[in-house]
Amino acid sequence: QVQLVESGGGLVQAGGSLRLSCAASGSISSINTMGWYRQAPGKQRESVAAITSGGTTSYADSVKGRFTISRDNAKTMVYLQMNSLKPEDTAVYYCNAEYLNGMSFWGKGTLVTVSS
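Fair warning: this is a prediction, and the values are worked out from it, not measured in the lab.

1. Observations regarding the overall build of the protein chain
Okay, so step 1: Across its full length, the protein chain holds 0 helices and 11 strands.
Okay, so step 2: Order of helices (α) and strands (β) in the protein chain, N terminus to C terminus: β-β-β-β-β-β-β-β-β-β-β.
Okay, so step 3: Relative to the globule expectation of 13 Å for 116 residues, the C-alpha radius of gyration of the protein chain, 13 Å, shows essentially globular dimensions.
Okay, so step 4: Reported as C-alpha extents along the three principal axes, the dimensions of the protein chain are approximately 40 × 25 × 20 Å.
Okay, so step 5: For the protein chain, buried positions account for 38% of its 116 residues.
Okay, so step 6: In the protein chain, the share of contacts with a sequence separation of at least 24, taken over all contacts with a separation of at least 6, comes to 52%.
Okay, so step 7: Accessible area for the protein chain stands at about 6100 Å²; split by element, carbon and sulfur atoms hold 49% of it.
Okay, so step 8: Distance between charge centres in the protein chain, computed from 10 positive and 7 negative side chains, equals 2 Å.

Set out below in structure tokens:
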């Protein structure tokens, strides 16, 4: 089992920046991919960014060039640097960890609100 705790959400004006953090604990050695998802009011949860155990990153088209996912060397922390934020980035952001066998774990989420 993996426990994930997100932090760093808040209220920011359009054009501003926020850095989200996700602390992972538990059976983290089996984690293959970690990522960030978001869910806006009335919308489905969507993938924002992901990073594999090998360091390969991927991003949703809507955030490419603005968001950067990274992690620490111990692979216990994953970050999402969000720049040039837009009102449409407003959502609850969730950290996700996934094993190779597909087992997936979620944090409780952190709210990001971008005002226009």
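Still more to cover.
2. Notes on the nonpolar core
Okay, so step 1: Counting residues in hydrophobic clusters, the biggest one holds 30 residues, and the most contacted among them are Leu4, Met34, Trp36, Leu80, Met82 and Tyr93.
Okay, so step 2: The set of elements that each furnish at least two residues to this core consists of strand S1 (2–7), strand S3 (18–26), strand S4 (31–39), strand S5 (46–52), strand S7 (67–71), strand S8 (77–82), strand S9 (91–99) and strand S11 (110–115).
Okay, so step 3: Apart from the residues lying within four places of it in its own chain, the contact partners of Leu80 are Leu18, Arg19, Leu20, Trp36, Val48, Ala49, Phe67, Thr68, Ile69 and Tyr93.

3. Topic: the sheet that holds S7
Okay, so step 1: Reading across the sheet, the 4 strands line up as S1-S3-S8-S7 and stay open at both edges, with antiparallel pairing between neighbours. A strand with exactly one partner marks an edge of an open sheet, and here the two such strands are S1 and S7. Taken pair by pair, the neighbouring strands of this sheet meet at an average axis angle of 15°, ignoring direction.
Okay, so step 2: Relative to S3, S1 runs antiparallel, the two being bridged by 6 bridges. Across the sheet, the residue bridging to Glu6 is Cys22, located in S3.

4. Topic: the packing of aromatic side chains
Okay, so step 1: Taken as a whole and assessed by the stated rule, the structure comprises 2 aromatic pairs.
Okay, so step 2: Residues Tyr37 and Trp106 carry aromatic rings whose centres are separated by 4.8 Å and whose planes lie at 70° to one another, so their mutual orientation is edge-to-face. With Tyr37 in strand S4 and Trp106 in strand S10 (residues 104–106), the pair connects residues that are 69 residues apart, well separated along the chain.
Okay, so step 3: Tyr37 sits in the partly exposed class, given a relative accessible area of 23%.

5. Examining the pattern of salt bridges
Okay, so step 1: Going through the model one piece at a time under the given rule, you end up with 4 salt bridges.
Okay, so step 2: The salt bridge partner of Asp61 is Lys64, with a shortest N-O separation of 3.1 Å.
Okay, so step 3: Here Asp61 falls in the exposed class, since its relative accessible area comes to 63%.
Okay, so step 4: Here the salt bridges share partners, and the residues they tie into one network are Arg38, Glu46, Arg66 and Asp89.

Thresholds applied
Residues numbered from 1 in each chain as written. Predicted model: local features only at pLDDT ≥ 70, side-chain atom pairs only at ≥ 80, totals over all residues. Heavy atoms only, no water. Helix = DSSP H or I, 4+ residues; strand = E, 2+ residues; numbered from the N terminus. Rg over C-alpha atoms; globule rule 2.2 N^0.38 Å. Buried < 20%, exposed > 50% of the residue type's maximum accessible area, 1.4 Å probe, protein only. Contact = heavy atoms within 4.5 Å. Areas by Shrake-Rupley, 256 points an atom, 1.4 Å probe, with all protein chains shown as cover. Lys, Arg positive; Asp, Glu negative; His and termini not counted. Charge placed at Lys NZ, Arg CZ, Asp CG, Glu CD. Core = buried A, V, L, I, M, F, W, Y, C linked by side-chain atoms within 4.5 Å. Pairing = 2+ DSSP bridges. Axes fitted to C-alpha atoms, helices over the stretch in contact; angles between N-to-C directions. Phe/Tyr/Trp six-rings, centres within 6.5 Å; stacked < 30°, edge-to-face > 60°. Salt bridge = Lys/Arg side-chain N within 4 Å of Asp/Glu carboxyl O.

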